[in-house]
Amino acid sequence: MFDYEACLQACARGDQRALRQLYEQESSHLLGVALRIARDKSLAEDIVHDAFIKIWRGASSFDPSRGSARGWVFSVTRHLALNVVRNHYREVPLGDEHEQVAATETFEFSARSGQVHTCLEQLDPARRTCILHAYVDGYSHSEIAQKLDTPLGTVKAWIKRSLAALRECMA
Amino acid sequence: MNDPLDELASEYVLGTLPGEQRADVEQRLKHDAELRAAVDAWEQRLLPLTALAEPVPPSSELWRRIERNIATARTHWWDLLAVWRGLAGAGLLTTLVLAGLLLTRPPTADPSFVVVLVAPQSQAPGWVIQASHDQQIQLIPLGVMEVPSDKALQFWTKGDGWQGPVSLGLVKPGQTLSVPLDKLPPLTQNQLFELTLEDPRGSPTGKPTGPIQAIGRAVKVL
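To start, this report covers the structure provided alongside it.

Reading guide: rules and limits
Residues numbered from 1 in each chain as written. Chains lettered and ligands numbered in written order. Predicted model: local features only at pLDDT ≥ 70, side-chain atom pairs only at ≥ 80, totals over all residues. Heavy atoms only, no water. Helix = DSSP H or I, 4+ residues; strand = E, 2+ residues; numbered from the N terminus. Contact = heavy atoms within 4.5 Å. Areas by Shrake-Rupley, 256 points an atom, 1.4 Å probe, with all protein chains shown as cover. Buried < 20%, exposed > 50% of the residue type's maximum accessible area, 1.4 Å probe, protein only. Axes fitted to C-alpha atoms, helices over the stretch in contact; angles between N-to-C directions. Parallel < 35°, antiparallel > 145°, perpendicular 65-115°, else oblique. Nonpolar A, V, L, I, M, F, W, Y, C, P; charged D, E, K, R; others polar. Buried area = accessible area lost by both parts, 1.4 Å probe. Polar contact = N/O pair within 3.5 Å; in protein donor to acceptor, adjacent residues only side chain to side chain. Salt bridge = Lys/Arg side-chain N within 4 Å of Asp/Glu carboxyl O.

### What about the overall build of chain B?
For chain B, the count of helices and strands is five helices and nine strands. The linear arrangement of helices and strands in chain B, starting from the amino end, is α-α-α-α-α-β-β-β-β-β-β-β-β-β. Long-range contacts, defined as pairs at least 24 residues apart, comprise 58% of the intrachain contacts of chain B with a sequence gap of at least 6. For chain B, the exposed surface amounts to about 11,100 Å²; the carbon and sulfur share of it is 55%.

Below, the structure written as structure tokens:
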């Protein structure tokens, strides 16, 4: 088992080998997460680059009481990617090519364990898709509305209610 | 869930908040412990969903870039690639502002380079730089920017391949300023210009330390 917390502590002491180990352990997962959101490999690599710099610099202020070290590493990367697509614009707009990618990458969550997956299965499929497109693909409300051919107000309401249902289910 | 704070936290973590609201949440997270706890809880709830993104092996170059960057004692914002990428987004806006400027305000001399400086978050244009030749530039405000009384605006530039930004001096809000560039290499396409908020007498380190108020890159005018 990779000890993420010890790894961040070592990074905080300036041990570059620890960052390298984290890179070997998670860079392809983090790049996968960033790529789904940014949809451009070199932009996604820039995001992962920035994430590792941020992890290196922020390791000393990581607070284990706020959550898992691994979770923090993923959150840093995801939020950097989300900031890039929300603050600026998508370099690769939603297009036919992405439609195909998305169609083959249907969310195979049923085979996965974990409470969030169990709770997601209890949602209506269209609402579940909203949540997954938002979290995994970084779609905005309007991108989801466009993708599902559903009015924007409906999508916003579905997401709100689905989040409330998830919270209750996972309590 | 009728708790507005938890709702905000959940949509922040889910990713559906618009850019400005995301920036607000990130500001609040620095001092709002209640919001931070709500965000942390949502991060943990949804984290397993990251496994739905297929892993993608990075290019062999990526680690070398990271290693180079952490080797320097401190990383500066100008080493962060996503910032540079984001600036490209200001390109279209630059074109639009320039078009408007050229129509409404014929310049006295033909500028060879123009820069539109925009606010990093809202991308609202705040200043225009025009250079009629390579060695002197004019910084023209498009409005009066509010600057806290204990701070000053400092003007910087950085060309491709320079070690870091070079100060062009302090700027008063609302004032047009002519700056000689005779001690610097000639102005080039894509050269970066920015205004940061610094101590009243300028940055103590000689490099930008405060938040960026406006930023843009030089565009050659044909």
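### Quick word on the overall build of chain A
What chain A contains, in helices and strands, is nine helices and zero strands. A burial count over chain A gives 54% of its 171 residues as buried. Intrachain contacts of chain A at a sequence separation of at least 6 include 64% that bridge at least 24 residues. Roughly 7,800 Å² of accessible area belongs to chain A as shown, and the carbon and sulfur atoms make up 47% of that amount.

### Notes on unusual backbone geometry
One non-glycine residue, Asp149 of chain A, lies in positive phi territory at about 55°. When you line up the elements, Asp149 of chain A lands in the loop between helix 8 (141-148) and helix 9 (152-170). Of note in this structure, Asn190 of chain B is not a glycine but carries a positive phi near 75°. By the element assignment, Asn190 of chain B lies in the loop between strand 6 (177-180) and strand 7 (192-198). Asn190 of chain B sits in the partly exposed class, given a relative accessible area of 31%.

### As for the packing of helix 1 (residues 4-12) of chain A against helix 2 (residues 16-38) of chain A
Residue and element names in this part refer to chain A. As a packed pair, helix 1 and helix 2 sit with axes 8 Å apart at the nearest point and diverge in direction by 140°. In terms of orientation, helix 1 and helix 2 fall into the oblique class. Seen from helix 1, the contacting residues are Tyr4, Cys7, Ala10 and Cys11; seen from helix 2, they are Ala18, Leu19, Leu22, Gln25 and Glu26. The residue inventory of the contact of helix 1 with helix 2, partitioned by class, reads seven nonpolar, one polar and one charged.

### So, the interface of chain A and chain B
Of the residues lining the interface, 61 residues belong to chain A; the matching set on chain B comes to 55 residues. A buried area of about 5,600 Å², summed over both sides, lies between chain A and chain B, and 61% of it is on carbon and sulfur atoms. Taken as a group, His49, Arg66 and Tyr135 of chain A account for 12% of the area that chain A buries against chain B, more than any other trio of residues on that side. Run the count over chain A and chain B and you get 21 residue pairs in polar contact (both at pLDDT 80 or more). Of all the secondary structure elements, the ones that give two or more residues to the side of chain A that touches chain B are helix 2, helix 3 (41-58), helix 4 (69-87), helix 6 (115-121), helix 7 (125-137) and helix 9 of chain A. In the side of chain A that touches chain B, the residues fall into 29 nonpolar, 17 polar and 15 charged.

### Here we look at the environment of His49 of chain A
Locating His49 of chain A in the fold gives a position in helix 3. Classification of His49 of chain A as buried rests on a relative accessible area of 2%. Residues His49 of chain A and Thr77 of chain A, 28 residues apart in the sequence, show an inter-C-alpha distance of 9.3 Å. Side-chain polar atoms of His49 of chain A contact the side chain of Asp50 of chain A, separated by 2.9 Å. Here Asn69 of chain B takes part through its side chain, which lies 3.0 Å from a polar atom of the side chain of His49 of chain A.

### What about the pattern of salt bridges?
Taken as a whole and assessed by the stated rule, the structure comprises 14 salt bridges over all chains. With a shortest N-O distance of 2.8 Å, Arg167 of chain A and Asp6 of chain B are connected by a salt bridge. Of this pair, Arg167 of chain A sits in helix 9 while Asp6 of chain B sits in helix 1 (residues 4-14), which puts the two residues in different chains. Residue classification places Asp6 of chain B among the buried residues on the basis of a relative accessible area of 5%. With a closest N to O distance of 3.0 Å, Arg28 of chain B and Asp32 of chain B form a salt bridge.

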